[in-house]
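Single-letter residue listing:
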Amino acid sequence: MAARSEAVYPVTWKSGRVARWLVTVDHKRIGIMYIATSLFFFVIGGILAVLMRAQLATPNESILTKNSYDEVMTMHGTTMIFLVIVPIMAGFGNYLVPLMIGARDMAFPRLNALSYWLFLLGGVVLWSSWFATGGTAKAGWWSYPTLSESQFSPGHGQDYWILSIHILTLSSLATAINLVVTIVNMRTRGMSWMRLPLFVWAMLVYGILLLVALPTVSAAVTLLLLDRQAGTHFFIPSHGGSVVLYQHMFWFFGHPEVYIMALPAFGMISEILPIFSRKPIFGYKAVAFSTVGIGFFSMLVWAHHMFTTGLGTGLDSFFMISSMVIAVPTGIKIFNWIATTWGGNLIFDTPMLFALGFLALFTMGGLSGIFLAAFPVDWQVNDSYYVVAHFHYVAFGGVAFAIFGGLHYWWPKMFGRMLDERLGKVSFWLMFVGFNLTFLPQHMLGLLGMARRVYTYSHGGLWEWYNLTSTIGSGVLTIGVAVFVANVWIAHGLRKGVRAGNDPWLADTLEWYTTSPPPEHNFDSVPYVTSARPLRDLRRRLAEQT
Amino acid sequence: MLLTFVGIAVLVAAGVASAANGGFTPPAPHSPNAVKTNDAYDVILGFTGAIFLLVEGVLVTFIWKYRGRGRSRTDEGVQVHGHARLELIWTVIPVIILCVIGLVVFYELPGISNAPAAANPLRITVEGHQFYWQFDYPNGARSINDLYAPVGQVVDLTVVSSDVIHSWWIPELGGKIQAIPGRTNRFWFKADRQGTYTGQCAELCGLYHAKMEARVIVGTSADYTRFVTSTAKTDLGRAEFQGACATCHGMQGQGGYGPNLASNPLLTQPSALASIVRNGRNLMPAVGDTWTKQQMQALAQYVKAHVYTGAAPSGG
């Protein structure tokens, strides 16, 4: 046996069961490690969310102390943004982009491995802050000074947070460079820009936005670190610093970040919907260009997070208008997606259910955003549970539903086995119902006057009912996620999953041309691409020949 | 999916039934700026509600109408690649709707951000602290957590902070404005009826963020005058203790997050007490860093008379 494999590949320590993952520079392995690590953080970040919901289930609850509530809240936000959604998109991008464009690997495989290990390191640093003196950071995922300054946040949790953000931005920068260079240079023969899969379009803009947005957050937390450790006063007003400066720097990153998370999700939806409607995407150009348009405008809307800062009518008006402008390309996407299902042969496999769920929920998140863009109304609803509901409709109902759709869709390609459809559907419905139960009442809580980031409340009545409903919903949501985990276990742990062929969904893009899972070199040969749907072209040519 | 929407509708209806305002709009406004804010909110709710019903309705209709009914995967749908005029229409219509919303906002804006000009405003300074609100009245009177105001008069708020960012928010009297260290923000309200309006700090400001509650107590002009000329002074020590100290040390000084004070002889030593309140110690923030001498005296008198229970028995 050894002799035979030696003839093809030399067997060294690098081929070991564990070592081949540790030393890999293969984009597929790195992608899977990214996704697996992000899912792990998703589970522990989700446990934090359930803890918060338990604490808020009834008035004056004491499951968590106020101290640990602030820790849990800060860690939940930071984990979900920096350790789940952004890196899982990097994972999908890593895995799928080279396959979709018919390339052998990413442009810089070693840099790619570095990004992953930096991401893991950043996650470990952040989560090790539970053991820091004074516990983890407690100033929320924005870490606004002066609360995050050493005077008000003594202990080292905040410093761990800063270090972790530094490491994670480096990781994301490396990924961003890799994605952009790969997409620009390594598309296979015939794959012109207008034949690029829409997910790849999204990953291109994801990469560019990361390159533009990340340096400012790195700078902001560097200045914060200097304030805390070197005695500077960048954000300390009593010594001439400016608190509002940090808000600008943070949100100049923070809003593009929303689209850094959302655009790849949009890309996944644009891949999944046509395949399960048995149709092409409706208005390819509109969907592709709206991705670019959203990317551009996302850099001009940051201060809509700061309407209550008191910027003055001029700035507030500018950022209201720019925020409304960005609703237009987003609306174009939603209408084109719905039109994609028109006249189709809709097949409700689990990926499709999640994609349709995405459409239903993301629409809600987009519409509640219009209230927040209108700044006088924002003064009433901002920083309340209304905002919590809004961004969870975007980030969970939108982005996370797309991620689950993507997981079910590309799972057979990544691992060669199908997930069980029945369990997939159960998981979807539990998550869909649980999600709405959790977050719909939070709109009302915000309008009733419940501020965000409170560890408790004393009102009974509607406050209690809505909060209790929300907590029950979070339980249902958790069961839905647990069913997904069980599905994975049954398919792989028990090896019950049916073997997938190259192309179980009869899809359109190149990743389905190779085996499932693909060989290390991806393709033996890549067909010349003549449209945005190369595999459908191949199927039709084959049908004509027989 | 249809079932879920029905479920959500039932939930929503139940919410409406249980209260006139179940949290579907901001609370009933009692100040002109809040009234106008709610008007803008209602207009946006009208448009977005209609769009929501339309989009979700079309989505559900398509899902139902074009469901595969067990057709083979190889059975393709209509191979349309787009429709320029349709796409133009659903680009232009949202632009028009957004323009209308924008115009409504700008139409309501002057009534929201500018106080009525003719009125003689009452200027009150709101200072956010970890973890209480302090109010300064024109005659030099001070109050803690309870802001007293006369009905029907424009109250012009100067909102500041001495430590971290807080956010002033009384939903019935308008929106929020952050209290930012090193910066002065302005806000106003004109309460249209007597009563007590409650709200809480809306920007994470530390451990007791959730307990940083404020009340605006609106009475007649005479009530207001009585408060700022006499009650504010006699009541100051109690307000300080209950607003600033009791958050951590308990209403009777019995201890809580902070240590028990009731038996601490420090309470009988005004200068030592003033020093710790002004500067803080260990975990205790400098709650009284902007307090006046009179305030310190008021606190010392109050705690000596009402909180101090005598030194703990030795060995106890």
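For the structure itself, consult the block above.
It should be emphasised that the depicted structure is a prediction, and the values quoted were computed from it without experimental measurement. (Residues numbered from 1 in each chain as written. Chains lettered and ligands numbered in written order. Predicted model: local features only at pLDDT ≥ 70, side-chain atom pairs only at ≥ 80, totals over all residues.)

A word on the overall build of chain B
When you go through chain B residue by residue, the secondary structure sums to six helices and ten strands. On C-alpha atoms alone, chain B measures out to a radius of gyration of 27 Å, which is more than a quarter above the 20 Å that the 2.2 N^0.38 rule sets for 316 residues. C-alpha extents for chain B along the principal axes are approximately 90 × 60 × 40 Å. By the burial criterion, 40% of the 316 residues in chain B qualify as buried. (Helix = DSSP H or I, 4+ residues; strand = E, 2+ residues; numbered from the N terminus. Rg over C-alpha atoms; globule rule 2.2 N^0.38 Å. Buried ≥ 20, exposed ≤ 12 C-beta atoms within 10 Å, placed from the backbone.)

Looking at the overall build of chain A
Along chain A, the regular secondary structure elements total 17 helices and zero strands. The C-alpha atoms of chain A give 23 Å as radius of gyration, which agrees with the globular expectation for 546 residues (24 Å, within 12%). For chain A, the C-alpha atoms occupy an extent of roughly 75 × 55 × 45 Å along the three principal directions. Taking all 546 residues of chain A together, the buried fraction comes to 62%. Expressed as a percentage of contacts within chain A between residues at least 6 apart in sequence, the contacts between residues at least 24 apart total 81%. (Contact = placed C-beta atoms within 7 Å.)

Considerations on the environment of Gly255(B)
Residues and elements named next belong to chain B. Looking at the element boundaries, Gly255 is found in the loop between helix H4 (221-249) and helix H5 (270-279). Overall, the presence of 15 C-beta atoms within 10 Å leaves Gly255 in the partly exposed class. Ignoring any residue separated from it by four or fewer positions in sequence, one finds Gly255 in contact with His249, Gly250 and Asn260.

Points about the nonpolar core
The tendency in soluble globular proteins is for nonpolar side chains to be buried side by side. Residues and elements named next belong to chain A. Ranked by size, the top nonpolar core spans 264 residues in total, and within it Ile85, Val200, Tyr206, Met261, Ile269, Ala374 and Val399 carry the most contacts. With 21 residues, the single largest contributor to this core is helix H8 (residues 243-277). If we ignore the near neighbours within four places in the chain, the residues touching Val399 are Ile85, Met261, Ala262, Ala265 and Val394. (Core = buried A, V, L, I, M, F, W, Y, C linked by C-beta atoms within 7 Å.)

So, the packing of H8(A) against helix H14 (residues 385-415) of chain A
All names here are of chain A. At a minimum axis separation of 9 Å, H8 and H14 run at an interaxial angle of 45 degrees. Classified by the interaxial angle, the pair formed by H8 and H14 is oblique. Here H8 and H14 pass one another in a crossing that is left-handed. Residues Met261, Ala262, Ala265, Met268, Ile269 and Ile272 of H8 form the contact with H14, whose participating residues are Val394, Ala395, Gly398, Val399, Ala402, Ile403, Gly405, Gly406 and Tyr409. When grouped by side-chain class, the residues that make up the contact of H8 with H14 number twelve nonpolar, three polar and no charged. (Axes fitted to C-alpha atoms, helices over the stretch in contact; angles between N-to-C directions. Parallel < 35°, antiparallel > 145°, perpendicular 65-115°, else oblique. Left-handed = near helix turned anticlockwise from the far one by under 90°. Nonpolar A, V, L, I, M, F, W, Y, C, P; charged D, E, K, R; others polar.)

Concerning helix H6 (residues 293-307) of chain B
All names here are of chain B. Between its first and last C-alpha atoms H6 spans 20 Å; for 15 residues at 1.5 Å apiece the expected length is 21 Å, and the two agree. All of the buried residues in H6 are Gln295, Met296, Ala298, Leu299, Ala300, Tyr302, Val303 and Val307. Elements that come into contact with the buried residues of H6 comprise strand E3 (142-144), H4 and H5. (Expected span 1.5 Å × (residues − 1).)

Quick look at the packing of helix H15 (residues 421-448) of chain A against helix H16 (residues 461-493) of chain A
For any two helices packed against each other, one specifies the crossing angle of their axes together with the interaxial distance. Residue and element names in this part refer to chain A. Running from N to C, H15 and H16 cross one another at 155 degrees; their axes reach a closest spacing of 7 Å. For the element pair H15 / H16, the angle class is roughly antiparallel. The two elements H15 and H16 meet at a crossing, and its hand is left-handed. Of the residues belonging to the contact of H15 with H16, the class tally is 22 nonpolar, twelve polar and no charged.

Overview of the environment of Asn114(B)
All names here are of chain B. Here Asn114 lies in the loop between helix H3 (84-113) and strand E1 (122-129). The exposure class of Asn114 is exposed, given the 11 C-beta atoms found within 10 Å. Counting along the chain gives 111 residues from Asn114 to Thr225, while the straight-line C-alpha distance between them is 26 Å.

Structural notes on the pairing of strand E4 (residues 146-150) of chain B
All names here are of chain B. Of all five residues that make up E4, four are buried, and the element is covered over most of its length. Where E4 and strand E10 (residues 213-219) come together, five bridges link them in parallel fashion. Note on E10: the bridge partner recorded for Asp146 is Arg215. (Pairing = 2+ DSSP bridges.)

Comments concerning the interface of chain B and chain A
Listed by partner, the interface residues are 78 residues for chain B and 77 residues for chain A. Going through the elements one at a time, helix H1 (2-18), helix H2 (32-65), H3, strand E7 (176-179) and strand E9 (195-200) of chain B are the ones with two or more residues in the side of chain B that touches chain A. Of the residues in the side of chain B that touches chain A, the class split is 40 nonpolar, 26 polar and twelve charged.

A word on the sheet that holds E10(B)
Either a parallel or an antiparallel arrangement is found when strands of a sheet pair, and the pairing is made through backbone hydrogen bonds. Residue and element names in this part refer to chain B. Judged by pairing direction, the sheet is mixed, and its three strands sit side by side in the order E4-E10-E9 without closing on themselves. Looking along the sheet, the strands with just one partner apiece sit at the ends: E4 and E9. Averaged over all pairs of adjacent strands, the angle between their axes in this sheet comes to 20 degrees, without regard to strand direction. This element, H4, spans E4 and E10 of the sheet and lies at about 165 degrees to E4.

Brief notes about unusual backbone geometry
Between Ser516(A) and Pro517(A) the backbone carries a cis peptide bond, its omega angle lying at -10 degrees. Relative to the elements of secondary structure, Pro517(A) occurs in the loop between H16 and helix H17 (534-545). Each neighbour pair has its own omega, and for Gln130(B) with Phe131(B) the value is 0 degrees, a cis peptide bond. With respect to the helices and strands, the residue Phe131(B) is situated in the loop between E1 and strand E2 (132-136). Its identity is not glycine, yet Asn522(A) carries a phi of approximately 75 degrees, on the positive side. Looking at the secondary structure, you find Asn522(A) in the loop between H16 and H17. When the 21 C-beta atoms within 10 Å are taken as the criterion, Asn522(A) is described as buried.

Here's the deal with the sheet that holds strand E8 (residues 185-189) of chain B
Residues and elements named next belong to chain B. Here five strands make up an open sheet; going across it, the order is E3-E2-E1-E5-E8 and the pairing mixed. The open sheet has two edge strands with one neighbour each: E3 and E8. Averaged over all neighbouring strand pairs, the angle between strand axes comes to 25 degrees, with direction disregarded. One ladder, built from seven bridges, connects E1 with strand E5 (residues 155-161); its direction is parallel. By the bridge assignment, Arg123 is partnered in E5 with Asp156. Against the sheet, H4 contacts E2 and E3, and its axis sits at roughly 30 degrees relative to E3.

A few points about helix H5 (residues 109-128) of chain A
Residues and elements named next belong to chain A. For H5, spanning 20 residues, the distance from its first C-alpha to its last is 29 Å, which sits close to the expected 28 Å at 1.5 Å a residue. Residues of H5 that are buried: Asn112, Ala113, Ser115, Tyr116, Leu118, Phe119, Gly122, Gly123 and Leu126. In this fold, the buried residues of H5 make contact with helix H3 (27-56), helix H4 (66-100) and helix H6 (157-185).

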